[in-house]
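# Structure assessment
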Amino acid sequence: MRDTIARDRRRRSPLLSESVLRLILTAVLLLVLVVLVLLPVGAILGKSLEDQNGAFVGLANFRDYLANPSLTRSIGNSLLLGLLTTTITASLAFLYAYALSRSCMPLKPLFRGIGLLPILSPSLLPAIALTYLFGNQGFLKDLLGSGSIYGLSGIVSAQVFYCFPHALMILVTALGLSDARLYEAAETLGASRSRMFRTITLPGARFGLISAVFVVFTIAVTDFGVAKVIGGQFNVLSIDIYKQVIGQQNFRMGAIVGVILLLPAVLSFGVDLYVRRRQTSMLGARAVVLVPRPRRGFDLVMLVVASVIAAFILLLVGTALFASFVSFWPYDLSLSLKNYDFSSYDAAGWSSYANSLKMAALTALIGTVCAFGGAYLVEKGPGPTLPRALYRGLAMLPIAVPGLVLGLGYIFFFNSTANPLNGVYGGLSILVMATVAHYYTVPHLMAVTALKQIDDEIEEAAAALGVAFWRTFARVTLPICTPTVIDIATYFFLNAMTTIGAVVFLYAPATKLASVAVVEMDDTGDTAAAAAMAVMILLTAAAVKVIQMFLTSVIVARTQAWRRRGEGDLIDDVGHASSVA
């Protein structure tokens, strides 16, 4: 049937023009990724091999960097920070995910929501909350004795909060994919609970656990906001690159630190890609989803564990929220809205928040069109192999590039007077471009996952009937994938509201964003106002998440009745879970 349809397709001359149009659209999107991702990264690599006059010096800059003990100490500090944060976060996230997926404890939806709450806040929010709790004027400062929250302990605590939902989503997916038949066989053979955990649960979740470890390690090493607010004198690579570029205007040294910062991210990306490929081979079509059975003692222990972790999350969010309404911490605890009068603390006032809303909306719109449209062009219908392969490769590249490195690459590339796109530098458009590029990979994978669930014969049958591919896209593909399109737009919007690394080098006074305003107000000692702005970002992200849930549960549910199916359809569940993770 496929051969017949292909022959019919070749006989229809209009489809030839459609092929050309497909090729043009693919080439345009490929060019967009080259400009937004490849050339800025290439610019930072090239700058690291030049001297101040632009002459090629090879690895001499790296030798100079390694000869400076104060700078190289940041490498060891970053590795130590990454290891501590990863160990604590992965352990807590595994326990929390185990409680959600393998116990019958009450209030699971509530605990799931609390566990994902940190992903709606900027990374600076937990750092600000910790300073209110354990800082020089903190309520709980006495608990630290002679210790200080400023430094490694503070960074690790805040990053555990910030990285927790990222690990949780991966581990919930991994633990939710177990085959119940394995446990039934083990029980029949008389295996104990601990032995089943060691021989079935851990091996089954090992790929998810490895993936979570590398994702958290990458975030911990490359994050900028937490270390900036609560890092004290504990220097890490992300702070070094900021000091070199903003503080000393030493762009050459900033490029060198950026290249070094790129290495752990690239390593993590490679390992994560390997793990994901291995993970798909473990699933069988006849697998049966494991449904936990009530066990009173075990469920009680899991409830206590989840409650302690949830209390830590709520404590930090609640502290930041309360501090934003306090008149003068800790001397006057009367409630007031004066901290939300941002014009009293920052020249930009509320305009930085408005800029964030505008930038996030444009990022969601442009990013969704490019990511879903690009995935459709390379995954559906005919077309040359080479442009598709290049597009797929470039779409995966941003996930291996930290935001600070990408932002610095944008300075080198777009600030050059020889670049015809130099006009975007300093405007809102470059912030949108950097944010779309920074978060492009995950939406691309979400779109590919959704499109692969649609049989190619739909496209082939439509082409044989003479239906143009854009009509098939608008009338069939897009309605089927509406939930995924909403997820992609929400993902872009939420990350654009909370991002700091990719935009901290690129904003101008007229385009300052809310996340940048948080950093600046905290720098000037207006911590309460910084907390208020961080709370505004959190509330906005939460409101958008509620809108997404409303659209998905009400509007989409009325047009997606075909998705309703019987229990045991594990393969579709796996695809959806993977796209969410």
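Rules used throughout
- Along each chain, residue indices are assigned from 1 in the same order as the chain's sequence is written.
- The predicted nature of this model means local features are confined to residues of pLDDT at least 70 and side-chain atom pairs, given and counted, to a pLDDT of 80 or more, with totals for whole chains, interfaces and linings taken over all residues.
- The side-chain figures draw on all heavy atoms in the structure; neither hydrogens nor water molecules are used.
- Helix and strand definitions follow DSSP, with helices as H or I runs of at least four residues and strands as E runs of at least two, each counted in order from the N terminus.
- The size measure is the radius of gyration over C-alpha atoms, and the globule rule it meets is 2.2 Å times the number of residues to the 0.38 power.
- A 1.4 Å probe rolled over the protein chains alone gives each residue an accessible area, and that area as a share of the maximum for its type sets the label: buried under 20%, exposed over 50%, partly exposed in between.
- Throughout, a contact is declared for two residues whenever any of their heavy atoms are within 4.5 Å.
- Surface accessibility follows the Shrake-Rupley procedure with a 1.4 Å probe radius. Residue values consider only the protein chains on display as shielding.
- Working convention for charge: Lys and Arg count positive, Asp and Glu count negative, and His plus the chain ends are omitted.
- All charge positions are set by atom: Lys at NZ, Arg at CZ, Asp at CG, Glu at CD.
- Only protein atoms enter the 1 Å grid, on which a cavity is a set of points fitting a 1.4 Å probe that cannot get out and a pocket is an open set with protein on both sides within 12 Å along at least 5 of 7 lines, lining residues being those with an atom within 4 Å of a point.
- Grid points are joined across faces, edges and corners, and a volume is the space filled by probe spheres set on the points.
- Charged means Asp, Glu, Lys or Arg here, nonpolar means Ala, Val, Leu, Ile, Met, Phe, Trp, Tyr, Cys or Pro, and polar covers whatever is left, Gly included.
- Take the buried Ala, Val, Leu, Ile, Met, Phe, Trp, Tyr and Cys residues and link them wherever side-chain atoms come within 4.5 Å; each set so joined is a nonpolar core.
- In protein, a polar contact requires one atom able to donate a hydrogen and another able to accept it; more generally it is a pair of N or O atoms within 3.5 Å, and residues adjacent in sequence count only if both atoms are side-chain atoms.
- Here a salt bridge means any side-chain nitrogen of Lys or Arg lying within 4 Å of a carboxyl oxygen belonging to Asp or Glu.
- Between the N-to-C directions of two axes lies an angle of 0 to 180 degrees, each axis being a line fitted to C-alpha atoms and, for a helix, fitted only over the stretch in contact.
- These descriptions rest on fixed angle ranges, namely under 35 degrees for roughly parallel, over 145 for roughly antiparallel, 65 to 115 for roughly perpendicular, and the rest for oblique.
- Pairing between two strands is assigned when DSSP locates at least 2 bridges connecting them.
- Exposure above 30% relative accessible area and the lack of any salt bridge qualify a residue for a patch; like charges then connect within 9 Å, and the nonpolar side chains Val, Leu, Ile, Met, Phe, Trp and Tyr within 5 Å.
- Take the far helix as the reference: if the near one is turned anticlockwise from it by less than a right angle, the crossing is left-handed, and if turned clockwise, right-handed.

Helices and strands together make up the secondary structure of the protein chain, namely 24 helices and 2 strands. By the compact-globule yardstick of 25 Å for 581 residues, the protein chain fits well, its C-alpha radius of gyration being 25 Å. Principal-axis analysis of the C-alpha atoms places the extent of the protein chain at approximately 80 × 70 × 50 Å. Here the protein chain holds 581 residues, and 51% of them are scored as buried. Pairs at least 24 residues apart make up 79% of the contacts formed inside the protein chain by residues separated by at least 6 positions. Here the protein chain displays about 26,000 Å² of accessible surface, and carbon together with sulfur accounts for 66% of that area. Charged side chains in the protein chain number 43 positive and 32 negative. The centres of these two groups are separated by 6 Å.

If you check the backbone angles, Leu-107 has positive phi at about 60° while not being a glycine. Within the element layout of this structure, Leu-107 appears in the loop between α4 (69–102) and α5 (108–116).

What follows is about the layout of surface pockets. As a volume, the second largest pocket reaches approximately 480 Å³. Lining the second largest pocket are 23 residues; nearest its centre among them are Tyr-132, Gly-525, Asp-526, Thr-527 and Ala-528. Looking at the lining of the second largest pocket residue by residue, the class counts come to 9 nonpolar, 9 polar and 5 charged.

Turning to the nonpolar core, a few remarks are in order. Judged by nonpolar contacts, the single largest core of 163 residues is most densely connected at Tyr-96, Tyr-410 and Tyr-440. Examining the composition of this core, we find that 15 residues originate from one element, helix α7 (residues 152–175), more than from any other. Tyr-410 has contacts with Leu-36, Pro-40, Asn-415, Tyr-425, Ile-430, Met-433, Ala-434, Ala-437 and Leu-506, leaving out every residue within four places of it along the chain.

Let us now look at the side chain of Asn-339. Residue placement: Asn-339 occurs in the loop between β2 (332–335) and α14 (351–379). A polar contact is formed between the side chain of Asn-339 and the backbone oxygen of Val-326, at a distance of 2.8 Å. Not counting residues up to four positions away in its chain, the partners in contact with Asn-339 are Ala-323, Ser-324, Phe-325, Val-326, Tyr-345, Ala-528, Ala-529 and Ala-532.

Turning our attention to the pattern of salt bridges. Here the structure, examined in full by the defined rule, presents 8 salt bridges. Measuring nitrogen to oxygen at the nearest pair gives 3.1 Å for the salt bridge that ties Glu-379 to Arg-392. Note that Glu-379 is positioned in helix α14 and Arg-392 in helix α15 (residues 385–396), a separation of 13 residues in sequence. The partly exposed category is assigned to Arg-392, whose relative accessible area is 32%. A salt bridge links Lys-452 to Glu-379; its shortest N-O distance comes to 3.3 Å. Separated by 73 residues along the polypeptide, Lys-452 in helix α18 (residues 441–452) and Glu-379 in helix α14 bring together distant segments of the chain. Assessed through its relative accessible area of 59%, Lys-452 is described here as exposed. According to the relative accessible area criterion, Glu-379 is buried, its value standing at 16%. When salt bridges with common partners are traced through the structure, they connect Glu-187, Arg-193 and Arg-293 into a single cluster.

Closest axis-to-axis distance for the helix α20 (residues 469–480)/helix α21 (residues 482–498) pair is 4 Å, and the angle between their directions is 65°. On the basis of the axis angle, α20 is roughly perpendicular to α21. Contact residues: α20 offers Leu-478, Pro-479 and Ile-480, while α21 offers Thr-482, Pro-483 and Val-485. In terms of residue class, the contact of α20 with α21 is made up of 5 nonpolar, 1 polar and no charged.

A few words now on empty space enclosed by the protein. Remark: the empty space left among the atoms is shown by a probe the size of a water molecule rolled over them. This structure, assessed with the given rule, holds 2 cavities of 30 Å³ or more. Together, Arg-22, Leu-23, Thr-26, Leu-377, Pro-382, Gly-383, Pro-384, Pro-387 and Arg-388 line the largest cavity. For the lining of the largest cavity, the secondary-structure elements that each account for two or more residues are α2 (13–47) and α15. No other element matches α2, which puts 3 residues into the lining of the largest cavity. Taken together, the residues that form the lining of the largest cavity break down as 5 nonpolar, 2 polar and 2 charged. Empty space within the second largest cavity amounts to approximately 40 Å³. Every residue lining the second largest cavity is listed: Leu-92, Val-160, Phe-161, Phe-164, Ile-309, Phe-312 and Ile-313. Secondary-structure elements contributing two or more residues to the lining of the second largest cavity are α7 and α13 (296–325). The residue makeup of the lining of the second largest cavity, split by class, is 7 nonpolar, no polar and no charged.

Attention shifts here to the pairing of β2. Examined bridge by bridge, strand β1 (residues 326–328) and β2 share 2 bridges and lie antiparallel to one another. Bridge pairing in β2 places Phe-328 opposite Asp-332. Counted along the chain from β1 to the antiparallel partner β2, the turn is 3 residues long.

Right, let's talk about a nonpolar patch on the surface for a bit. A surface patch of nonpolar side chains, about 580 Å² in accessible area, is lined by Phe-139, Leu-140, Leu-143, Phe-322, Leu-333 and Leu-335. Looking at Leu-143, the relative accessible area reads 66%, which means it is exposed.

All right, on to the packing of α14 against α20 then. At a closest axis distance of 13 Å, the pairing of α14 and α20 adopts a crossing angle of 115°. The angle between α14 and α20 places the two elements in the roughly perpendicular class. For the pair α14 and α20, the crossing hand works out as right-handed. On α20, the residues touching Phe-372, Tyr-376 and Leu-377 of α14 are Phe-469, Phe-473, Thr-477 and Leu-478.

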